[in-house]
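As a plain string of letters, each chain reads:
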Amino acid sequence: MGQNVLVTGGAGYIGSHACKALKTAGFVPVTFDNLVTGWKEAVKFGPFAQGDLLDRARLDEVFTEFQPVAVMHFAALSQVGESMSEPGKYWRNNVCGSLNLIEAAVDAGCKNFVFSSTCATYGDQDNVVLDENSAQFPINAYGASKRAIEDILRDFQVSNGLRHVIFRYFNVAGADPDGEVGEFHQPETHLIPLMLDAIDGKRDALTIFGTDYETPDGTCIRDYVHVCDLVDAHVLGLKWLQDDKDSRVFNLGTGSGFSVRDVIDHSRNVTNREVPFNEGARRAGDCTKLVSGSSRAVSELGWNPARSTLQTMIADAWRWHQTGHYSE
Ligand code: UFG
């Protein structure tokens, strides 16, 4: 049997793909999830321990039972818009929950921690390619909560020797090409799945949130990364820690920016269908442009984001969209 890795949020979109990648790499992914936004059916690659990060006693039980060699921490609330209207939820769940998890890991003697952070910690720095040394000025409570957890990890490194790899994700998209797991949020807020729903009539037209941004076509620009490439980086990050390398921050993006209109055009080409859309107002909390300077993950971790072309991400998402779904 391989070594146990505790995967919080392992029943969610990115966490479930991480479980598959861990299993493929010879680890045993132990999913810890409260199933508020995750899906039991997505737990396919290792044991499941249901629980909530705010329940410290449950966390202690799980550390005692499974003795994980590392934690991969995905569980979080992640809707930018909701974080603006209900910030307390984000600070309590994301920050207090992560603090519980970090303290439980330290008390259990588990010293390797891989953390899912976000480019939303950088905030709106127009026309700048964001690398790991860029200043962090989040403009929404979601990003602020993730930045706070990064700070907590640095403090526990000093106090308790908890070593960490922090990954700051850009826009994650796509699905497992084998169709075992995929993206299924309830409610859905992300551009690509909403667009695929509009394409096959599962919902009304897509609304473009803002066409008056200072970008070439007026719509927001994002850097999209394939979920399978993203979780491969996490396995590399885990090995990095197991090789006793120093705690490190890595951006995960490709360095290429695509506007909302670019994504619409690619979706039309991939699916061979029309994309029904209309043009609406800006969404609160959205940054104009988020593009990664991500050479560090490539040069230091040996990361190869081979599936992260817009074409492949949309094609994989489309295949999942048509065949795979969890029960509602
Ligand atoms: N968009 C639309 N219409 C929609 C949905 C999205 O035009 O119906 C636009 C957004 O305005 C944005 C782009 O499509 O410009 C991408 O939006 P998503 O909601 O798919 O992703 P975000 O960029 O808002 O959010 C992602 C992650 C967050 C992370 C954030 C960083 O989902 O977890 O990037 O800003 F915090």
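The model shown is predicted, which means the values in this text are computed figures rather than measured ones.

Cut-offs applied
The written sequence of each chain sets the order in which its residues are numbered from 1. Side-chain atom pairs in this predicted model are given and counted only at pLDDT of 80 or more, local residue features only at pLDDT of at least 70, and totals for whole chains, interfaces and linings cover all residues. Here the side-chain values reflect all heavy atoms present in the structure, with hydrogen atoms and water set aside. What counts as a disulfide here is a pair of cysteine sulfur atoms lying within 2.5 Å. Burial status follows relative accessibility: with a 1.4 Å probe on protein chains alone, a residue under 20% of its type maximum counts as buried, one over 50% as exposed, and anything between as partly exposed. In this analysis, rings of Phe, Tyr and Trp, with Trp reduced to its six-membered ring, are considered paired at centre separations within 6.5 Å, and the interplanar angle assigns stacked below 30 degrees, edge-to-face beyond 60, and tilted for intermediate values. Any residue with a non-hydrogen atom lying within 4 Å of a molecule or strand is treated as near it. Two N or O atoms form a polar contact when they lie within 3.5 Å of each other; inside protein one atom must be a possible hydrogen donor and the other a possible acceptor, and for residues adjacent in sequence the pair counts only when both atoms belong to side chains. Note on areas: Shrake-Rupley, 1.4 Å probe, and residue coverage restricted to the protein chains presented here. Going along the chain from the N terminus, every DSSP run of H or I of four or more residues is numbered as a helix, and every run of E of two or more is numbered as a strand. Pairing between strands is defined by DSSP: at least two bridges between the two strands are required. For helices, the fitted axis covers only the stretch in contact; all axes are lines through C-alpha atoms, and the angles between them, taken along N-to-C directions, range from 0 to 180 degrees.

Trainee: Would you explain the state of the cysteines in this entry?
Mentor: As used here, a disulfide is simply a covalent bond connecting the sulfur atoms of two cysteines. A complete count under the given rule lists 0 disulfides for this structure. In this structure Cys19 is not part of a disulfide, and its nearest cysteine sulfur, from Cys228, lies 13 Å away. Under the relative-accessibility criterion, Cys19 is labelled buried at 3%. Free cysteine Cys119: the closest other cysteine sulfur is in Cys287, separated by 7.4 Å. The class for Cys119 is buried, based on a relative accessible area of 4%.

Trainee: Which parts of the structure should I look at to understand the packing of aromatic side chains?
Mentor: To describe a pair of aromatic rings, one takes the distance between the centres and the angle between the planes. Inspection of the entire model under this criterion finds 4 aromatic pairs. Taken together, the ring pairs in this structure connect Phe167, Trp240 and Phe250 into an aromatic cluster.

Trainee: Explanation requested: the site of the ligand in the structure shown.
Mentor: Neighbouring the ligand are 22 residues; Tyr142, Thr207, Arg222, Arg283 and Asp286 lie closest to it. Within the contact set of the ligand, an oxygen atom lies 2.8 Å away from a backbone nitrogen or oxygen of Leu191. Taking Phe209, its main chain carries an N or O atom lying 2.8 Å from an oxygen atom of the ligand. Burial of the ligand by the surrounding chains reaches 92%, relative to a free accessible area of 670 Å². Broken down by secondary-structure element, the contributors of at least two residues to the shell around the ligand are α6 (191-199) and β8 (206-209). With 4 residues, β8 is the single largest residue contributor to the shell around the ligand.

Trainee: Help me understand unusual backbone geometry in this model?
Mentor: Residues other than glycine predominantly adopt negative phi, and peptide bonds predominantly adopt the trans conformation. A cis amide bond links Gln186 to the next residue, Pro187, at an omega of 0°. Tracing the backbone shows Pro187 in the loop between β7 (171-173) and α6. One non-glycine residue, Gln67, lies in positive phi territory at about 45°. Along the chain, Gln67 falls in the loop between α2 (56-66) and β4 (70-73). Since its relative accessible area comes to 55%, Gln67 is described here as exposed.

Trainee: What exactly am I supposed to notice about the sheet that holds strand β11 (residues 248-252) here?
Mentor: The strands making up a sheet are joined through hydrogen bonds of the backbone, oriented either antiparallel or parallel. Taking strand neighbours across the sheet as the criterion, the 7 strands line up as β3-β2-β1-β4-β5-β6-β11 in an open arrangement whose pairing is parallel. Either end of the sheet is taken by a strand with one partner, and the two such strands are β3 (48-50) and β11. When the angles between neighbouring strand axes are averaged without regard to direction, this sheet yields 20°. Inspection of the sheet shows strand β1 (residues 4-8) paired to strand β2 (residues 28-33) by 5 bridges, in the parallel sense. Note on β2: the bridge partner recorded for Val5 is Pro29.

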